[in-house]
Amino acid sequence: MNRYLTVPCDEKAVEELHSGDYVYITGTIYTARDAAHKRMYEALAQGEKLPFDVKNNMIYYMGPSPAREGRPIGSAGPTTSSRMDKYAPSLLNMGLKGMIGKGKRSDAVKRAIVDNKAVYFAAVGGAGALLSKSIIKSEVIAYEDLGTEAIRRLEVRNFPVIVVIDAQGNNLYETAVEEYREGEIK
Amino acid sequence: MDGKMKVIHTEEIIKNIKEMCIEANHYLTDDMVSALNKATDTEKSPLGKQILCQLQDNLRIASEDMIPICQDTGMAVVFLEIGQDVHIEGGLLTEAVNEGVRQGYQEGYLRKSVVKDPIFRENTKDNTPAVIHYDIVEGDKIKLIVAPKGFGSENMSRVFMLKPADGIEGVKNAVLTAVRDAGPNACPPMVVGVGVGGTFEKCAILAKKALTRPIGEGAQIPYVREMEEELLRKINQSGIGPGGLGGSTTALAVNINTYPTHIAGLPVAVNICCHVNRHCVRMLE
């Protein structure tokens, strides 16, 4: 079903989302991918603060292409989430409410999603031009030297995503594929 | 010098590579566009259909507004088929290709995704170097193929060193295994490039080149073409679907290239590409 979600949000809003829901997100989200996660992880290990408070926030696994003049951002689709699996559980334990990416997650991430009543969304991979149209504003807030991998604060309006893993642990990648499987692919 | 020698200047190579990097990242070839159209009509899952429609909107926005189709504008893979009667003037060919990539990624607002060292990972900031494959062929022309390759799908690609006794069933299983393991990570609907035969590195290059063959063209060798059709059917029965969110469109094509191999081996490479299967072809003459 179609839903509208304003972010940041608490666990009550997240618990209403179900695997398979088509969700339009409006509000503020943060980008971080491989290199930014590694730095945040190292910062935490040294007892330092993160560049933004993850509590009740969403991280979008994305590194955009450069913006043309007068535009907030370039192409801006999701990258493969599993490369962030090593880092995601500690962020979820700190109150991160959602992740937007594409592709499978590890068992440890799935458990952390359920334990912390969070959600994992997929944005459509390879639709970076379309998705950029829902991003109104983009600002680098940390790790600027990482270029495309810097942490950005994004203002989004009706940013389209699909709930893959919900707070109850339902996983669309498993259920939907089973529904349409016609043969034994070995 | 023989009178048949054709001179091609590196400036021309730089200019063409630059334009091709930009073109490939904003426009798909007609065969890819019509394969996506067809898939949108036949997809059984409503969500899958919705995702395929989004991909079509995405292509329209990319070309109209000059926004790269995908933010991962790839590592530039370049195939050069150089006629042996061509003489290149103006500097080193490899440097010309890299200069074209440098200019294309800079001027085209394309993402710079290349790191200088695989361990220390400092960005080269101009997307060079390209990965370049040279072939010497007959004639006095140069065929350029620029195929920017995204790494969501590249990471799901595999090489299998099968035994001769594994035969054709072994090859099919290798392809299906790679596709199944790739699942949603490779941004389906995918194009599956397969190389069979040669050596360890040859089969991988065959697979990469197979991705640039137009969809629907089919292999020349009848049994290979049959295998392509059978594998495409089976992959689309896997249920993976658009975006990996279930459906009847998991791949748009399976392209297989073969090559003679050693009595002791059966190398198979499966190079998976997402639906943004970019390539641009030009002939310099």
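See the structure shown above.
Reading the values: the criteria
- Residues numbered from 1 in each chain as written.
- Chains lettered and ligands numbered in written order.
- Predicted model: local features only at pLDDT ≥ 70, side-chain atom pairs only at ≥ 80, totals over all residues.
- Heavy atoms only, no water.
- Helix = DSSP H or I, 4+ residues; strand = E, 2+ residues; numbered from the N terminus.
- Rg over C-alpha atoms; globule rule 2.2 N^0.38 Å.
- Buried < 20%, exposed > 50% of the residue type's maximum accessible area, 1.4 Å probe, protein only.
- Contact = heavy atoms within 4.5 Å.
- Areas by Shrake-Rupley, 256 points an atom, 1.4 Å probe, with all protein chains shown as cover.
- Lys, Arg positive; Asp, Glu negative; His and termini not counted.
- Charge placed at Lys NZ, Arg CZ, Asp CG, Glu CD.
- Pairing = 2+ DSSP bridges.
- Buried area = accessible area lost by both parts, 1.4 Å probe.
- Salt bridge = Lys/Arg side-chain N within 4 Å of Asp/Glu carboxyl O.
- Polar contact = N/O pair within 3.5 Å; in protein donor to acceptor, adjacent residues only side chain to side chain.
- Phe/Tyr/Trp six-rings, centres within 6.5 Å; stacked < 30°, edge-to-face > 60°.
- Lys NZ or Arg CZ within 6 Å of the ring centre and 35° of its normal.

In terms of regular secondary structure, chain A is built from six helices and seven strands. When the helices and strands of chain A are placed in sequence order, the string is β-α-β-α-β-α-β-α-β-α-β-β-α. By the compact-globule yardstick of 16 Å for 186 residues, chain A fits well, its C-alpha radius of gyration being 16 Å. Taken along its principal axes, the extent of the C-alpha atoms in chain A is 45 × 40 × 35 Å. Of all 186 residues assigned to chain A, the portion counted as buried reaches 56%. Sequence separation of 24 or more characterises 63% of the internal contacts of chain A that already satisfy a separation of 6 or more. Counting only carbon and sulfur atoms, one obtains 46% of the accessible surface of chain A, whose full area is about 7,800 Å². Considering chain A, the positive charge centre built from 25 side chains and the negative charge centre built from 24 side chains are found 4 Å apart.

Here we take up the pairing of strand β2 (residues 75–83) of chain B. Residues and elements named next belong to chain B. When you tally the buried positions in β2, you get eight out of nine residues, the bulk of the element. Bridging between β2 and strand β5 (residues 142–149) involves eight bridges; their strand directions are antiparallel. Note that in β5 the partner of E81 across the bridge is K143. Direction of pairing for β2 relative to strand β4 (residues 131–137): parallel, over a ladder of seven bridges. Paired with I82 across the two strands is I136, which belongs to β4.

Turning next to the side chain of R213 of chain B. Relative to the helices and strands, R213 of chain B is located in the loop between α7 (200–210) and α8 (222–236). The residues contacting R213 of chain B, other than those within four sequence positions of it, are G218, A219, E228, N255, I256 and N257 of chain B.

Residue position: A35 of chain B is located in helix α2 (residues 30–42). Judged by relative accessible area, A35 of chain B falls into the buried class, the value being 13%.

Contacts between the two partners involve 49 residues from chain B, matched on the other side by 44 residues from chain A. Where chain B abuts chain A, roughly 3,800 Å² becomes buried across the two surfaces, and 57% of that area is made up of carbon and sulfur atoms. It is Q71, Y109 and L245 of chain B that lose the most area in chain B upon contact with chain A, and together they represent 19% of the buried surface on that side. There are two salt bridges connecting chain B and chain A. At the surface where chain B touches chain A, the tally comes to 20 residue pairs in polar contact (both at pLDDT 80 or more). Elements that contribute at least two residues to the side of chain B that touches chain A include exactly α3 (46–65), α6 (167–182) and α8 of chain B.

Our focus in this paragraph is the pattern of salt bridges. Two side chains bearing opposite charge may form a pair once their charged atoms approach each other closely. Enumeration over the complete set of coordinates arrives at 32 salt bridges over all chains. Here D34 of chain A and R83 of chain A are joined by a salt bridge, their closest N and O atoms 2.5 Å apart. In this pair, D34 of chain A is assigned in helix α2 (residues 34–45) and R83 of chain A in the loop between β3 (58–60) and α3 (88–93), connecting sequence segments 49 residues apart. On the basis of relative accessibility, which here comes to 22%, the residue D34 of chain A falls in the partly exposed class. Ionic pairing is found between K133 of chain A and D65 of chain B, a salt bridge with its closest N-O pair at 2.4 Å. Of the two residues, K133 of chain A is situated in the loop between α5 (128–132) and β6 (135–142) and D65 of chain B in helix α3; the pairing between them involves two chains. Taken together, the salt bridges that share partners define one network made up of R33, D34, R83 and E149 of chain A.

Working definition: an aromatic ring pair is given by the centre-to-centre distance plus the angle between the planes. Residues and elements named next belong to chain A. Following the criterion strictly, the structure yields five aromatic pairs over all chains and no others. Aromatic side chains Y30 and F52 sit 4.1 Å apart centroid to centroid with 10° between the ring planes, which places their arrangement in the stacked category. You can see Y30 sitting in strand β2 (residues 22–31) and its partner F52 sitting in the loop between α2 and β3, a full 22 residues away along the chain. A relative accessible area of 10% places Y30 in the buried class. When the ring centre of Y143 is taken as origin, the NZ or CZ atom of R39, which lies over that ring, is 5.2 Å away. Over the ring of Y120 we find R105; its NZ or CZ atom is 4.9 Å from the centre of that ring.

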